[in-house]
Amino acid sequence: MPDSLLIPTAVRAAFERIVDYAGLFPPARLAMEAAAGEYERERHGAHAWMLGRFVIPAAGIGALESALVERSSNEAEKVALAVLLDGNVRLSATPRTRIESAEIALRVDPEAGAARTAIRALRKGLSAVAPGLPVAVELPRGLRAALLAEAMDALAESGFAAKLRCGGLTADLTPSVEEVAAFIRAAVRARVPFKATAGLHHPVRRFHTSAGFVMHGFLNVFAAACFAPDFDAAMIAAIVAEEDTGAFGVDGQGLRWRDDVADETLLKYVRERRFLSFGSCSFREPVEDLAALRILPSP
């Protein structure tokens with residue numbers, strides 16, 4: 001019997017298409033052919049149900065198409081893309097790809113208080129570049145509370161999602177617990193869905209000896225999104241800061257953090273309306289870590 005048939009529906013609700021594959025980006029930084037091959041293997045593997053979009057710069061779509069042709073990818077099984085926008089490049093899919101979403105960084109001075117104006121201008125510009133596509137906007141770090149709330153309100157008005165960058169190759173690129181918690185609370189309050197990216201290969205926040213610093217966990221972010229409407233700022237920060245793997249669980253009852261449980265109904269709602277996905281340059285690491293926590297069957 002396939003492992004996927006043994007997975008509780010609440011676990012599937014939590015992790016269905018949750019990992020956007022970003023093998024082209026650091027630290028993996030694979031060549032296009034290697035990244036395309038990895039994605040193809042995983043989308044036909046036992047945990048393909050967890051695999052989301054292939055994250056790619058807009059300028060790389062043609063190279064991906066060539067790599068897929070070389071691998072004789074079935075044209076009927078189009079690769080779903082999350083496209084990173086930079087400039088006014090109009091998006092167009094290819095025979096073996098379909099563009100499902102776009103992502104773009106908002107260029108604005110954190111202290112300028114001009115986030116609303118910048119987001120409105122972005123909406124106008126994207127109407128020509130990516131008409132009708134869901135768009136996730138990465139806000140700059142360092143926004144004060146009032147400016148963060150203003151930016152989230154502007155995203156809600158424009159129909160945009162938000163993008164939370166949780167790390168990078170060095171410690172200084174990793175936002176603090178307080179930054180991550182404030183972002184999640186502001187997004188949930190404004191009813192803005194968000195995706196997360198960078199530094200989230202593993203489920204639970206921990207110190208990584210190879211990197212030399214602490215990295216955030218995707219279960220921490222997920223649980224914080226689930227409980228944000230009912231918990232105060234200190235409790236959301238405590239979830240984001242949690243490093244005890246035993247404090248988390250996902251099973252037939254739902255997602256648990258200590259004594260609190262988000263049931264299957266809430267998980268489905270959160271995945272649709274709050275925490276959309278997270279980007280990772282590795283697909284195997286999240287799967288293997290969830291298996292180690294006995295949340296998934298061993299891969």
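This write-up is about the structure you can find in this document.

The rules behind each value
Residues numbered from 1 in each chain as written. Predicted model: local features only at pLDDT ≥ 70, side-chain atom pairs only at ≥ 80, totals over all residues. Heavy atoms only, no water. Helix = DSSP H or I, 4+ residues; strand = E, 2+ residues; numbered from the N terminus. Rg over C-alpha atoms; globule rule 2.2 N^0.38 Å. Buried < 20%, exposed > 50% of the residue type's maximum accessible area, 1.4 Å probe, protein only. Contact = heavy atoms within 4.5 Å. Areas by Shrake-Rupley, 256 points an atom, 1.4 Å probe, with all protein chains shown as cover. Lys, Arg positive; Asp, Glu negative; His and termini not counted. Charge placed at Lys NZ, Arg CZ, Asp CG, Glu CD. Salt bridge = Lys/Arg side-chain N within 4 Å of Asp/Glu carboxyl O. Core = buried A, V, L, I, M, F, W, Y, C linked by side-chain atoms within 4.5 Å. Polar contact = N/O pair within 3.5 Å; in protein donor to acceptor, adjacent residues only side chain to side chain. 1 Å grid on protein atoms, 1.4 Å probe; cavity = no way out; pocket = protein on both sides within 12 Å on 5 of 7 lines; lining within 4 Å. Points joined across faces, edges and corners; volume = space filled by probe spheres on them. Nonpolar A, V, L, I, M, F, W, Y, C, P; charged D, E, K, R; others polar.

Time to look at the overall build of the chain. Of regular secondary structure, the chain possesses ten helices and 13 strands. Rg of the C-alpha trace for the chain: 19 Å, near the compact-globule value of 19 Å for 299 residues, within the 12% margin. C-alpha extents for the chain along the principal axes are approximately 50 × 50 × 40 Å. Looking at the chain as a whole, 53% of its 299 residues qualify as buried. Summarising the internal contacts of the chain: among those between residues at least 6 apart in sequence, 69% fall at separations of at least 24. Of the roughly 13200 Å² that the chain leaves accessible, carbon and sulfur atoms contribute 51%. Taking the average place of the 34 positive charges on the side chains of the chain and the average place of its 37 negative ones, the gap between the two points comes to 5 Å.

What follows is about the pattern of salt bridges. If you walk through the whole model with that rule in mind, you get 19 salt bridges. Several salt bridges converge on common partners, so that one network encompasses Arg-17, Asp-20, Arg-53, Arg-98, Glu-100, Glu-103, Lys-163 and Lys-195.

Let's shift gears to helix H10 (residues 284–292). Within H10, burial applies to Pro-286, Val-287, Asp-289, Leu-290 and Ala-291. Where H10 is buried, its residues touch helix H1 (9–15), strand E8 (206–208), helix H7 (218–227) and strand E13 (275–280). Note on H10: the residue one or two positions beyond its end, Arg-294, has a positive phi of about 65°.

Looking now at the nonpolar core. Core analysis: the largest hydrophobic core is formed by 99 residues, its most contacted members being Phe-15, Phe-54, Leu-139, Met-152 and Ile-184. The biggest single contributor to this core is H7, with nine residues. Setting aside residues up to four positions removed in sequence, Met-152 forms contacts with Leu-139, Ala-162, Phe-183, Ala-186, Ala-187, Ala-190 and Val-192.

Tracing the backbone through its elements, the reader meets Arg-205 in the loop between strand E7 (194–197) and E8. Side chain to side chain, Arg-205 and His-216 meet in a polar contact 3.3 Å long. In this structure, Arg-205 is in contact with Val-177, Val-214, Met-215, His-216, Gly-217, Asn-220, Val-240, Ala-241, Glu-242 and Glu-243, ignoring residues within four places of it in sequence.

On to the layout of surface pockets. For the largest pocket, the calculated volume is near 920 Å³. In terms of lining, the largest pocket is formed by 44 residues, of which the most central are Phe-25, Pro-26, Arg-165, Thr-197 and Ala-198. Mapped onto the lining of the largest pocket, the elements with two or more residues apiece are strand E2 (51–57), strand E4 (97–105), helix H4 (115–129), strand E6 (161–165), E7, strand E9 (213–215) and E13. Looking at the lining of the largest pocket, the element that brings in the most residues is H4, giving four residues. Residues that form the lining of the largest pocket fall into these classes: 23 nonpolar, 13 polar and eight charged. Its boundaries defined by the atoms lining it, the second largest pocket holds a volume of some 470 Å³. Residue lining of the second largest pocket: 28 residues in total, with Arg-53, Arg-271, Glu-272, Leu-276 and Ser-277 positioned closest to the centre. For the lining of the second largest pocket, the elements supplying multiple residues, two or more each, are H1, E2, E4, strand E5 (135–138), helix H5 (145–158), helix H9 (264–273) and E13. Classifying every residue of the lining of the second largest pocket gives twelve nonpolar, five polar and eleven charged.

Fair warning: the whole summary comes from geometry, so function is off the table for now.
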